[in-house]
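Secondary and tertiary structure notes
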Amino acid sequence: MSSDVTRRGVCLVLSAAPGGGKTSVSRALRESEPDLTLSVSATTRLPRPGEQEGVHYFFRTPEAFAAEVAAGDFLEHASFLDRRYGTPRAPVEAALATGRDVLFDIEWQGYRQLKAALPGDVVGLFLLPPSLAELERRLRGRGQDAEEEIGRRMAVARDEMRHWAEFDHVLVNEDFTATVAAVRAVLHAARSARQRQPWLAAFVADLLR
Ligand code: 5GP
């Protein structure tokens, strides 16, 4: 029978404007897909209340981040709201090599770089909010950022949404449950892509003997 060991892992990039629902969709997806590995990014921003080192982010000083960039430790890195964010290379390469799928919560610049770095492995999915008013309501609902920060994030949200057409899949995140189901469907479809299952040729040859 088939073996998943030879299957290539999928890199699923979940992108959205801030407030677009990425974090909750990502959490729900991982609950229903326990084998999905979340890529934990490094950042120079400060931890928000409740965020833990190595779980939500690897929090770095600008100097330490720059040293990791220079050492080639990131698969991609970008600046967002004057802070730097990057995807550590080693855990992703290890996961892909063993056929495990990796989920990324990164913005469009990182997605572009990742797609160039790992052609064929990356599936991009963009979540759009149902309306700008709903986006603002969600950003305010977080209740942890100052008014000025919300204004900046609204502007960034517009910038982010301009890149929707670079993604393979686009969903309007109106109904949370339906969105999670649709994201799962994208992941499952990506897993069964022919090019991710190099073992199939021998398997079918055996069937046709
Ligand atoms: P936050 O500071 O709200 O956690 O994240 C801000 C933005 O940075 C989000 O759009 C998030 O997707 C993006 N981001 C988080 N980690 C990375 C990363 O490793 N690379 C890139 N390019 N963007 C990231």
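Parameters at a glance
- Within each chain, residue numbers correspond to sequence positions counted from 1 in written order.
- For this predicted model, a pLDDT threshold of at least 70 governs which residues receive local features, and a threshold of 80 or more governs which side-chain atom pairs are given and counted, while totals over whole chains, interfaces and linings are taken from all residues.
- Calculated side-chain values reflect all of the structure's heavy atoms, with hydrogen atoms and water omitted.
- Counting from the N terminus, the helices are DSSP H or I runs at least four residues long and the strands are E runs at least two residues long.
- We call a residue near a molecule or strand when any one of its heavy atoms sits within 4 Å of it.
- Whenever a nitrogen or oxygen atom comes within 3.5 Å of another N or O atom, the pair is scored as a polar contact, on the condition that within protein one atom can donate a hydrogen and the other can accept it, and that pairs from neighbouring residues in sequence are kept only if both atoms are in side chains.
- Here the open area of atoms and residues is found with the Shrake-Rupley method and a 1.4 Å probe, where only the protein chains shown may cover a residue.
- We call two strands paired when DSSP finds no fewer than two bridges between them.
- Classification of residues uses two cut-offs on accessible area relative to the type maximum, computed with a 1.4 Å probe and protein chains only: under 20% is buried, over 50% is exposed, and between them is partly exposed.
- Whenever a carboxyl oxygen of Asp or Glu lies within 4 Å of a side-chain nitrogen of Lys or Arg, that contact is scored as a salt bridge.

Overview of the environment of Ala 181
Residue placement: Ala 181 occurs in helix α7 (residues 176-191). Note: C-alpha distance between Ala 181 and Arg 152 (29 residues apart in sequence) is 31 Å.

A few points about the site of the ligand
Neighbouring the ligand are 16 residues; Ser 41, Arg 45, Tyr 57, Tyr 85 and Glu 107 lie closest to it. Note that an oxygen atom of the ligand is positioned 3.1 Å from one of the side-chain N or O atoms of Arg 48. Interatomic distance of 2.5 Å between a side-chain N/O atom of Tyr 57 and an oxygen atom of the ligand. Burial of the ligand by the surrounding chains reaches 94%, relative to a free accessible area of 510 Å². Counting residues per element, the ones that place at least two in the shell around the ligand are β5 (74-80) and β6 (83-88).

Describing the sheet that holds β5
An order of β4-β3-β6-β5 is seen for the four strands of this open sheet, with the pairing classed as mixed. A single partner strand is all that each edge strand has here, and the edge strands are β4 (58-59) and β5. Sheet topology places strand β3 (residues 42-43) next to β6; two bridges connect them, and they run antiparallel. Paired with Ala 42 across the two strands is Gly 86, which belongs to β6.

So, unusual backbone geometry
With a phi angle near 50°, Leu 81 is a residue other than glycine that sits in the positive phi range. Mapped onto the elements of the fold, Leu 81 is located in the loop between β5 and β6. Within the chain, Asp 82 stands out as a residue other than glycine whose phi angle is a positive 65°. For Asp 82, the location among the structural elements is in the loop between β5 and β6. Residue classification places Asp 82 among the exposed residues on the basis of a relative accessible area of 68%.

Some details on the pattern of salt bridges
Under the criterion given, the structure shown has 21 salt bridges. Residues Glu 149 and Arg 152 are paired through a salt bridge, measuring 3.7 Å at the closest nitrogen-oxygen approach. In this pair, Glu 149 and Arg 152 are both assigned in helix α6 (residues 147-161), three residues apart and thus about one turn of the helix distant. Here Asp 206 ties to Arg 209 by a salt bridge, and the two come within 2.7 Å at their closest N and O atoms. Residues joined in a network through salt bridges with shared partners are Arg 7, Glu 33, Asp 101, Arg 184 and Arg 191.

The values reported here are purely geometric and, on their own, carry no functional implication.
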